[in-house]
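# Structure at a glance
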Amino acid sequence: MKILVAVKRVVDYNVKVRVKADQTGVELANVKMSMNPFDEIAVEEAVRLKEAGKATEIVVVSIGPAAAQETIRTALAMGADRGILVQTDAETQPLAVAKTLKALVEKEQPQLVVLGKQAIDDDSNQTGQMLAALLGWAQGTFASKVVPADGTVAVTREVDGGLETVSLKLPAIVTTDLRLNEPRYASLPNIMKAKKKPIETVDPAALGVDFSPRVKTLKVVEPPKRKGGVKVASVQELVAKLRDEARVI
Ligand code: AMP
């Protein structure tokens, strides 16, 4: 089984994002960028399936600027076999990404495509679902367990208030949730080995995908600042404040 994994280069999850003064987006200059955390989980799952003898090849794809090569290298150091960078400096909105992935799926013919459930920069939670629709494939979203069997894959999904297990006919799309696994750190020898693994660079025009934005960001604002706390002298005072000021009890 060949697995295709989509990895996005995003602002590192440890960075405190700052909104640009003109409210058109967030500050990206001199900000640490890393692989989207849900995509690390996607790579880890693919590598585990390969280690368990259930996958034969792992191809990682990133759509973004030249620097997204680093993100692909990280996935290669974790154990993926080769990478494809669809290089563009355009904003990568979910529909264009899904169309790009569709074109690559048609070329690469994977049995399973694994994506993150959402990219932590735009929080769209759309790409996997759009890709499944464009391909006419089954999808298992928010996966916390993935078990391939003959011609199918069982996906346990994190749904409100519980877990749902579905069986998907392959080929299929899976999107990862936080509890699927804990991604490994790449070891130094594997980082060195990854330098030799191939990354193909593809021009989006060659795939015939139109990257012109369909969605325009009107405004981005910081969340409201937290008000300072107060110390109370007694439980009675706390209860009175919760009842009369916060009105939560
Ligand atoms: P989103 O729909 O933007 O929240 O993204 C969901 C998932 O789609 C991500 O976790 C990635 O697996 C994949 N994805 C989104 N954008 C890109 C991109 N530019 N390059 C590669 N994968 C992407």
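Described in the following lines is the structure provided in the data block.

Definitions and limits used
Residues numbered from 1 in each chain as written. Predicted model: local features only at pLDDT ≥ 70, side-chain atom pairs only at ≥ 80, totals over all residues. Heavy atoms only, no water. Helix = DSSP H or I, 4+ residues; strand = E, 2+ residues; numbered from the N terminus. Near = heavy atom within 4 Å. Polar contact = N/O pair within 3.5 Å; in protein donor to acceptor, adjacent residues only side chain to side chain. Areas by Shrake-Rupley, 256 points an atom, 1.4 Å probe, with all protein chains shown as cover. Core = buried A, V, L, I, M, F, W, Y, C linked by side-chain atoms within 4.5 Å. Buried < 20%, exposed > 50% of the residue type's maximum accessible area, 1.4 Å probe, protein only. Pairing = 2+ DSSP bridges. Axes fitted to C-alpha atoms, helices over the stretch in contact; angles between N-to-C directions. Contact = heavy atoms within 4.5 Å.

A cis geometry characterises the amide bond from L170 onward to P171, with omega recorded as 0°. Here P171 lies in the loop between β9 (162-169) and β10 (172-176). Residues other than glycine seldom take positive phi values, yet Q23 does so here, at roughly 60°. Within the fold, Q23 resides in the loop between β2 (9-11) and β3 (33-35). Within the chain, N125 stands out as a residue other than glycine whose phi angle is a positive 55°. Summarising the element assignment, N125 is placed in the loop between β6 (112-116) and α4 (127-135).

Moving on, we get to the site of the ligand. The immediate surroundings of the ligand are formed by 19 residues, with D39, I63, A119, N125 and T127 found nearest. Contacts to the ligand include G116, whose backbone N or O atom sits 3.0 Å from an oxygen atom. A distance of 3.2 Å separates an oxygen atom of the ligand from a polar atom in the side chain of D122. In the complex, the protein chains occlude 99% of the 480 Å² of accessible area that the ligand would expose alone. When residues of the shell around the ligand are traced back to their parent elements, those giving at least two are β4 (57-64) and β6. The leading source of residues in the shell around the ligand is β4, at 3 residues.

Core analysis: the biggest nonpolar cluster contains 35 residues, and I3, V5, V43, V60, L112, V153 and V174 have the highest contact counts within it. Broken down by secondary-structure element, the contributors of at least two residues to this core are β1 (2-6), α1 (37-51), β4, α2 (68-78), β6, β7 (138-149), β8 (152-159) and β10. Looking at this core, the element that brings in the most residues is α1, giving 7 residues. Listed in part, the 23 residues of the second largest apolar core include A98, L115, L131 and V202.

With that settled, consider the sheet that holds β9. Strands sit in the order β9-β8-β7-β10-β6-β1-β4-β5-β11 across an open sheet of 9 strands; the sheet is mixed. Either end of the sheet is taken by a strand with one partner, and the two such strands are β9 and β11 (199-202). Direction aside, neighbouring strands of the sheet carry axes that sit 30° apart on average. Of the strand pairs in this sheet, β1 and β6 are connected by 3 bridges, and their pairing is parallel. Bridged to V5 within β6 is V114. Sheet strands touched by α1: β1, β4, β6, β7 and β10. Its angle to β1, the strand with the most contacts, is close to 165°. Along the sheet face, helix α3 (residues 94-108) touches β1, β4, β5 (82-87), β6 and β11 and points at about 150° away from the line of β4.

Geometric values such as these leave the question of function open.
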